[in-house]
Amino acid sequence: MFLRPLTAPDADRGEAVEFGPDKALALDCGRTLTNWRLAYKTYGKLNAARSNAILICHALTGDQFVASAHPVTGKPGWWETMVGPGKPVDTDRFFVIGSNVLGGCMGSSGPASTDPATGKPYGLDFPLITIRDMVRAQTFLIDHLGIDRLMCVMGGSMGGMQALQWTVSHPERVVAAMPIACAARHSAQNIAFHEVGRQAIMADPEWHGGAYYEHGTQPSKGLAVARMAAHITYLSEPALQRKFGRNLQNAGGISFAFAPDFQVESYLHHQGSAFVDRFDANSYLYITRATDYFDIAADYGGVLAEAFRGCKTRFCLISFTSDWLYPTFENKRIAHALNAAAANVSFVEIESDRGHDAFLLNEPQMFATVRGFITAAAASEGVAG
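Per-chain numbering applies: the sequence of each chain, read as written, is numbered from 1 onward. Note on the predicted model: pLDDT of at least 70 is required for a residue's local features to be given, and 80 or more for side-chain atom pairs to be given and counted; whole-chain, interface and lining totals, by contrast, use all residues. Neither water nor hydrogens contribute to the side-chain values; these are computed over all heavy atoms in the structure.

## A look at the overall build of the chain
Across its full length, the chain holds 11 helices and 12 strands. Type-normalised accessible area, obtained with a 1.4 Å probe on protein chains alone, sets the label of each residue: buried when under 20%, exposed when over 50%, and partly exposed for intermediate values. Taken over 385 residues, the chain has a buried fraction of 55%. We call two residues contacting when some pair of their heavy atoms lies within 4.5 Å. Contacts in the chain between residues far apart in sequence, at least 24 positions, make up 72% of those at least 6 positions apart. When the accessible surface of the chain is totalled, it reaches about 15800 Å², and 53% of it is carbon and sulfur. Looking at the chain, you have 32 positive and 37 negative side-chain charges, and the mean spots of the two groups are 4 Å apart. What counts as a helix is a DSSP run of H or I of at least four residues, what counts as a strand is a run of E of at least two, and both are numbered from the N terminus. Only the protein chains shown count as covering a residue, and every accessible area follows the Shrake-Rupley method with a 1.4 Å probe. Residues scored as charged are limited to Lys and Arg (positive) and Asp and Glu (negative), so that His and the chain ends carry no count. To locate a charge, take atom NZ for lysine, CZ for arginine, CG for aspartate or CD for glutamate.

Laid out in structure tokens, this is it:
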């Protein structure tokens, strides 16, 4: 199911559902997947009315292990600060679903999956996907779980994009939505950074045109560089300065060589090497491309408000002051469009110097906002845990 070995034989792998030709998935690129799979993990219990479900959508390099140990790395779930018993997303009250996106590499169908037609990994023969395709796949999962309407769809970064797409594609199925630190489309700068990462991967001689699975290799160096470049965009200059400044890695001074001299260099090298241990390079190509293609307004004459016209979903948007990847003005653009469409929307900008990654960290104001919004949305629907 996974590309990498598990930390322990009994590690919690989560669950997966296989969809056959009777559940064929038509994609935006014009192709159809007739045999495909979506991996997921759930927390808490679904109530008798099946009305307390919260779908949490992960960011670019996230996965379904929202609030439990990652079975490959052994590290805690990526949002354990947010999700769990008594936490802002309270699993004593709500049934929380996390799924690995289509195109991912933690059990869902993606370029590393076996192509039924050839018996070999898809590689670049896997169809190009979009955020809308990811959401289409998730609807099959939600149907499989017997849930008609989600109490809330939420997520940060690319997860926020999925939350937005849910409200546009299936507004009748979403009571409340919390897009956090995201945008309605990528800027030229976002696309540029992603292209640097993709080119780093494809320039690695071990990439083999995307067919590295058959060669028993992986483009580790290229993927590590891609992660290093992207990770810079997740932080802020004040956070980097506070954490590292120009501090040297070794007390003996500079080396007059090209090994990491500065602590920030060593940090980026660590981020790159750790990422290679858990992620697939082709999945990185596919998922970054999906986020670049994302543009909610594109099918509505470029008018974002029209995408939300008539939507009854209750929204809460959150941004962070130091996020330069998806800055506050991008989040406000969504809020203004929702206001223009007469939607029920609130917007919170949180003061933080931690950059884009603030949504993954200990931010008390974010926790209070999430708890308050979900509690109010549940109360308005009469949802009991």
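## Quick notes on the layout of surface pockets
Where empty space is left can be seen by rolling a probe of water-molecule size over the atoms. Cavities and pockets were defined on a 1 Å grid built over protein atoms only: a cavity is a set of grid points that admits a 1.4 Å probe from which the probe cannot escape, a pocket is an open set flanked by protein on both sides within 12 Å along at least five of seven lines, and lining residues are those with an atom within 4 Å of any such point. Grid points are joined across faces, edges and corners, and a volume is the space filled by probe spheres set on the points. The volume enclosed by the largest pocket comes to roughly 1200 Å³. Forming the boundary of the largest pocket are 46 residues, of which R227, H231, Q271, D357 and L360 lie nearest the centre. Sorting the residues of the lining of the largest pocket by element identifies helix 3 (188-203), helix 5 (220-234), helix 6 (237-243) and helix 7 (263-276) as the ones contributing at least two each. Three classes are used: nonpolar for Ala, Val, Leu, Ile, Met, Phe, Trp, Tyr, Cys and Pro, charged for Asp, Glu, Lys and Arg, and polar for all others, with Gly counted as polar. Looking at the lining of the largest pocket residue by residue, the classes come out as 22 nonpolar, 15 polar and nine charged. Within this model, the second largest pocket holds a volume of roughly 240 Å³.

## What to know about unusual backbone geometry
Within the chain, S157 stands out as a residue other than glycine whose phi angle is a positive 60°. Of note, S157 is situated in the loop between strand 9 (150-156) and helix 2 (158-169). Unlike most non-glycine residues, A342 shows phi in positive territory, near 60°. Within the secondary structure, A342 sits in the loop between helix 10 (328-340) and strand 12 (344-350).

## A closer look at the sheet that holds strand 9
On the basis of which strands lie adjacent, the open sheet formed by eight strands has the order 1-4-8-5-9-10-11-12 and mixed pairing. On the outer flanks of this sheet lie strand 1 (15-19) and strand 12, each paired with one strand and no other. Neighbouring strand axes in the sheet, compared pairwise and without regard to direction, differ in orientation by 20° on average. Across four bridges, the pairing between strand 4 (residues 36-43) and strand 8 (residues 95-99) is antiparallel. If you follow T42 over to strand 8, its bridge partner there is I97. Two strands form a pair only when DSSP identifies at least two bridges running between them. Only the stretch in contact is used when a helix axis is fitted, and all axes are lines through C-alpha atoms; the angle between N-to-C directions ranges over 0 to 180 degrees.

## Brief notes about the pairing of strand 10 (residues 174-180)
Two faces belong to every sheet, and in a regular strand the side chains alternate between them. The buried fraction of strand 10 amounts to seven of the seven residues, a majority that puts the element mostly inside the structure. Tracing the backbone out of strand 9, into helix 2 and back to the parallel element strand 10 gives a crossover that is right-handed. Strand direction decides the pairing type here: strand 10 and strand 11 (residues 314-320), joined by three bridges, are parallel. Residue A176 lies in a different strand from strand 11, and its bridge partner there is R314. When the strands point away from the viewer and the path from the first strand over the helix to the second turns clockwise, the crossover is right-handed.

## With respect to the nonpolar core
Of all hydrophobic cores here, the largest spans 76 residues; its most connected members are I97, L102, L150, Y284, F308 and I334. Joining through side-chain atoms within 4.5 Å is the link that ties buried Ala, Val, Leu, Ile, Met, Phe, Trp, Tyr and Cys residues into a set, and such a set is a nonpolar core. Grouped together as the second largest cluster of nonpolar side chains are 35 residues, V66, M151, M154 and V383 included.

## Concerning the packing of aromatic side chains
Two aromatic rings, drawn from Phe, Tyr or Trp (for Trp, its six-membered ring), form a pair once their centres lie within 6.5 Å of each other, and the interplanar angle then sorts them: stacked below 30 degrees, edge-to-face above 60, tilted otherwise. Using the criterion set out here, one finds 13 aromatic pairs in the structure. Centre to centre, the rings of F19 and F140 are 5.7 Å apart; their planes meet at 65°, and the pair counts as edge-to-face. Residue F19 is located in strand 1, and its partner F140 is located in helix 1 (residues 131-144); the two are separated by 121 residues in the primary sequence. Assessed through its relative accessible area of 7%, F19 is described here as buried. Judged by centre distance (4.4 Å) and plane angle (35°), the rings of Y212 and Y213 are tilted.

## Focus on the pairing of strand 9
Of all seven residues in strand 9, seven are buried, a share of seventy percent or more. As defined by bridge partners, strand 5 (residues 53-57) adjoins strand 9 across four bridges and the pair is classed as parallel. What sits directly across from L55, in strand 9, is V153. For strand 9 and strand 10, the ladder comprises six bridges, and the chain directions are parallel. Within the sheet, the bridge partner assigned to V153 lies in strand 10 and is A177.

## A closer look at helix 3
In a helix, the anticipated span is given by 1.5 Å times the number of residues less one. Taking 1.5 Å of rise per residue, 16 residues should cover 22 Å, and helix 3 covers 22 Å from first to last C-alpha, within 8% of that figure. When we look at burial in helix 3, the residues that qualify are N190, H194, G197, R198, A200 and I201. For helix 3, the arc enclosing every buried residue in end-on projection is 155°, short of the 170-degree limit, so these residues lie on one face. Turned more than 90 degrees off the buried face of helix 3, the exposed positions are A188 and A203. Taking the helix axis as origin, the arc is that swept by the directions to the C-beta atoms.

## Here we look at helix 8 (residues 281-293)
Taking 1.5 Å of rise per residue, 13 residues should cover 18 Å, and helix 8 covers 19 Å from first to last C-alpha, within 8% of that figure. For helix 8, a buried count of 11 out of 13 residues is recorded, marking the element as mostly surrounded by other parts of the structure. Within helix 8 the residues assigned to the buried category are A281, N282, S283, Y284, L285, Y286, I287, T288, A290, T291 and D292. Considering only its buried residues, helix 8 is in contact with helix 1, helix 2, helix 3, helix 4 (212-215), helix 5 and helix 7.

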